[in-house]
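Structure at a glance
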Amino acid sequence: MRQIVMDTETTGIDPREGHRIIEIGGIELINRRFTGRTYHQYVNPERDIEAEAIGIHGITNERVANEPVFAQIADELWEFMRGAQLVIHNAPFDVGFFDHEFRLLKAARGEPVLGPVAEHCSVLDTLKMAREMHPGQRNSLDALCKRYDIDNGQRVLHGALLDSEILADVYLAMTGGQTALSLAGNDEGGDREAGSASGLRRIDRDGLTLAVTRPSEAEWQAHQQRLEQIRQAAGECRWDALTAAETQH
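Treat the numbers as computed from the prediction; the structure is a model and nothing was measured.

This next bit is on the sheet that holds strand β4 (residues 85-88). Read from one edge of the open sheet, 5 strands run β3-β2-β1-β4-β5, paired in mixed fashion. For this open sheet the edge positions go to β3 (33-42) and β5 (122-125), each flanked by a neighbour on one side alone. Sheet twist, expressed as the mean angle between neighbouring strand axes with direction ignored, is 25°. Relative to β5, β4 runs parallel, the two sharing 4 bridges.

Structure (C-alpha cells):
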C-alpha cells in the first residue's frame, strides 16, 4: 500500500473566507516503510497571512513572497499524492484546503484537470482514529507524541514537513509500529535455510532451559516509578491492564 503522510500550513482557518495554502509537506510510505521520498514546498498565497496564523507556524508574508503560486506547483503535487492513501491529522481541514485550491485552479484553467481529493485518493484521519482509540483524552499531535513516547523536541512552531515526519512516527506507533523487518524471507542478500521457503531459521529447543532472573528491590522500585510516569503522561498504562488480566486467571 502506498501512503502519503501529509500536512499543510495556511494563511488562516477557513478557505471559504479566501484563505490559502502556504506550505505543503508529505512523506511517502510503502507497505508501512519509509521510502525516502518526500514532498516539500512553500507557496505564495497571493494574499496576506493572518497574524494569528503566523503565531502558530511562524511563516511570514516576506518568507513566501518569492515562492511559486499554487498553479505553478499543482501538477507536481498532484502526481505525488494521486492514488495514494493520505494520512492526515484532522484531515477535513487539509483536504478542504486542497480542494479549494484545485477549484481555483479549475476556474483559472477552464478545465477540471486535478481533484477533488476524495475522488482520486483515500483519506485516513489520524485525529478521528486517536479519538476512537483514546476517548476523552487530548489527541493533538503533541499529546500523541507524549503518549507514544515519540521525540518532537524540534517542534517549537508548526512546519508542514516536520509535522508530517512526526505524524508518520505517531501513525506507525498507533497502528502497531513500523514493519521494518521482512517476515516473508524476501530480504535482499539474506541467507535462507535449506528447505525453508520462508527463509526463517528454526532452532532445535530440545534440552534448552529458560533461566529466570528476578529483579532486585531497587530495580523493582525503578520499574514502578517508570509505570507511574507513563500513567501521568498518557493517562493510562497498558501494564496495569495486563496485570489485572493475570489476576483474573
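Mapped onto the elements, Glu 46 comes out in the loop between β3 and α1 (51-57). Accessibility expressed as a relative area gives 54% for Glu 46, which makes it exposed. Taking C-alpha positions, Glu 46 is 9.4 Å from Val 64, a pair spaced 18 residues apart along the chain. Each residue touching Glu 46, except ones within four places of it in the same chain, is listed here: Arg 20 and Val 69.

Our next topic: the packing of aromatic side chains. Enumeration over the complete set of coordinates arrives at 4 aromatic pairs. Ring-pair connections join several aromatic residues into one group, and the members of that group are Phe 70, Trp 78 and Phe 102. Here the guanidinium or amino end of Arg 63 rests over the ring plane of Tyr 42, the centre of that ring lying 3.9 Å away.

With that settled, the discussion passes to helix α5 (residues 126-133). When α5 is considered as a whole, its buried residues turn out to be Thr 126, Leu 127, Met 129 and Ala 130. Taken around the axis of α5, the buried residues stretch over an arc of 160°, which confines them to a single face. More than 90 degrees from the buried face of α5, the exposed residues found are Lys 128, Arg 131 and Glu 132. Buried residues along α5 sit in contact with β4, β5, α6 (141-147) and α7 (160-174). Two to three positions downstream of the cap, the backbone nitrogen of Leu 127 sits 3.0 Å from a side-chain oxygen, assigning the N-cap of α5 to Asp 125.

What counts, and at which threshold
- Residues numbered from 1 in each chain as written.
- Predicted model: local features only at pLDDT ≥ 70, side-chain atom pairs only at ≥ 80, totals over all residues.
- Heavy atoms only, no water.
- Pairing = 2+ DSSP bridges.
- Helix = DSSP H or I, 4+ residues; strand = E, 2+ residues; numbered from the N terminus.
- Axes fitted to C-alpha atoms, helices over the stretch in contact; angles between N-to-C directions.
- Buried < 20%, exposed > 50% of the residue type's maximum accessible area, 1.4 Å probe, protein only.
- Contact = heavy atoms within 4.5 Å.
- Phe/Tyr/Trp six-rings, centres within 6.5 Å; stacked < 30°, edge-to-face > 60°.
- Lys NZ or Arg CZ within 6 Å of the ring centre and 35° of its normal.
- Arc of directions from axis to C-beta.
- Polar contact = N/O pair within 3.5 Å; in protein donor to acceptor, adjacent residues only side chain to side chain.

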